[in-house]
Amino acid sequence: MKALFIGGTGTISTAIVKRLAEDPRWEVWVLNRGNRNDVLPEGVHRIVADIYNEADAAEKLAGMTFDVVSEFIAFHSDAVERDYRLFKGKTKQYIFISTASAYHKPAAQYIITEGTTLANPHWEYSRNKITCEEFLMKKYREEGFPVTIVRPSHTYDERNVPLGVHGKKGFYQVIKRMLEGKPVIIQGDGTSLWTVTYNSDFAVGYTGLMGNPHAIGEAFTITGDETLTWNQIYQTIADALGVELKAYHVASDYLSAVGDRYGYDFEGSLTGDKSVSVVFDNRKLKRIVPTMQTAVPFHRGVRIALDYVLSHPECQAEDPEFDAWCDKVIEALEASKKDI
């Protein structure tokens, strides 16, 4: 069978490409701009093109057909409309990566299934993904376009440490604050429930959907089985670092209000996602991919990630602006306690 990955070098897609490249039943192709193709395993066929240059992509894909086309970098409806034009009649399955943040926020029910309503008034990113899903499912219903929708939640790899509150440069500044003995901000009281999934576990579920006729016209949430509170997530990180966790809890609404002036979209990432308790019911996925399970629990996965990040300076993106912002927030809240 023949698979094409659009992107193929991100947190999620890298694990899937690696897993599939080890399977002799699959011929793996990747289409991207070639910026990170060094992470691809041997034997993967490469098409260097900018998918957003539709004419160039169409020329380089001319005459090619695929059993599966996997789209990882479409964030707006115009991107999936382009893919529809490029791959209609040229693939037996088109898998679109959506997001679990598209599920109803605020949550009407903390247990999420694929039947949960899609609605997120707090995050444009999620609403754009919903629009993409609606276009693709319309094409499936009206024309039989063979779409499968996949909704990941918080998936990480050896280069990433899952956090709730961080700056524009990612997670590392929070790790640095922990190592320096400084307090770190956790949204709310830290007791809301969250699911983190290591990318190699995600790849098991995803590849089980590839070429699977029962997946056509369906949507699937892919997450691990482990549910943790945010306090447990941060404590596990601190334990892996061998430091004391100095947690500083701040209401998500407050973070959204004071972060907006600095360009931090905490209304989207917190109110529209991480501040809400969610537990995913993955029985639909497991009915057709029974091998899906959590092989890398968080206490192991975070140690893999920290070992890699702390030994690779290129992963240590410091963010002094965010560091100073954290100090200001904490100082302001501590001062307010004395004024009452």
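The structure this text deals with has already been given above.
First, a word on what this report is: a plain description of the structure on this page. From a predicted model like this one, the values you see are computed outputs, not experimental measurements.

## A few points about the sheet that holds strand 7 (residues 147-152)
Strand order in the open sheet formed by seven strands is 3-2-1-4-5-7-11, and the pairing between neighbours is parallel. Of all strands in the sheet, those with a lone pairing partner are strand 3 (45-48) and strand 11 (219-222), marking the two edges. With direction set aside, neighbouring strand axes in the sheet form an average angle of 20 degrees. As paired elements, strand 2 (residues 27-32) and strand 3 share four bridges and run parallel to each other. Paired with Trp-29 across the bridge in strand 3 is His-45. Sheet contacts for helix 4 (residues 124-143): strand 5 (94-97) and strand 7; angle to strand 7, the most-contacted strand, approximately 160 degrees. Along the sheet face, helix 6 (residues 199-209) touches strand 4 (68-71), strand 5, strand 7 and strand 11 and points at about 160 degrees away from the line of strand 11.

## Observations concerning a nonpolar patch on the surface
Together, Tyr-52, Ile-73, Phe-75 and Tyr-125 line one region of the surface with nonpolar side chains, adding up to about 350 Å² of accessible area. Mapped onto the elements, Phe-75 comes out in the loop between strand 4 and helix 3 (77-87). The exposure class assigned to Phe-75 is partly exposed, which follows from its relative accessible area of 34%.

## Comments concerning the pattern of salt bridges
Enumeration according to the criterion identifies 20 salt bridges in this entry. Residues Arg-25 and Asp-23 are paired through a salt bridge, measuring 2.7 Å at the closest nitrogen-oxygen approach. Residue Asp-23 is classed as buried on the basis of its relative accessible area, which comes to 17%. A salt bridge links Asp-83 to Arg-82, with the shortest nitrogen-to-oxygen separation between them at 2.9 Å. According to the relative accessible area criterion, Arg-82 is buried, its value standing at 3%. Residues participating in the shared-partner salt-bridge network are Arg-177, Lys-182, Asp-323 and Asp-327.

## Considerations on the environment of Ala-21
For Ala-21, the position within the fold is in helix 1 (residues 11-21). According to the relative accessible area criterion, Ala-21 is partly exposed, its value standing at 32%. Placed 20 residues apart in sequence, Ala-21 and Pro-41 show a C-alpha to C-alpha distance of 7.1 Å. Residues in contact with Ala-21, not counting those within four places in the same chain, are Val-28, Pro-41 and Val-44.

## Looking at unusual backbone geometry
Here the bond from Lys-105 into Pro-106 is cis, since omega is 0 degrees, no more than 30 degrees from zero. Tracing the chain through its elements places Pro-106 in the loop between strand 5 and strand 6 (111-112).

Calculation notes
- Residues numbered from 1 in each chain as written.
- Predicted model: local features only at pLDDT ≥ 70, side-chain atom pairs only at ≥ 80, totals over all residues.
- Heavy atoms only, no water.
- Pairing = 2+ DSSP bridges.
- Helix = DSSP H or I, 4+ residues; strand = E, 2+ residues; numbered from the N terminus.
- Axes fitted to C-alpha atoms, helices over the stretch in contact; angles between N-to-C directions.
- Contact = heavy atoms within 4.5 Å.
- Patch = residues over 30% accessible without salt bridge, like charges linked within 9 Å, V, L, I, M, F, W, Y side chains within 5 Å.
- Areas by Shrake-Rupley, 256 points an atom, 1.4 Å probe, with all protein chains shown as cover.
- Salt bridge = Lys/Arg side-chain N within 4 Å of Asp/Glu carboxyl O.
- Buried < 20%, exposed > 50% of the residue type's maximum accessible area, 1.4 Å probe, protein only.

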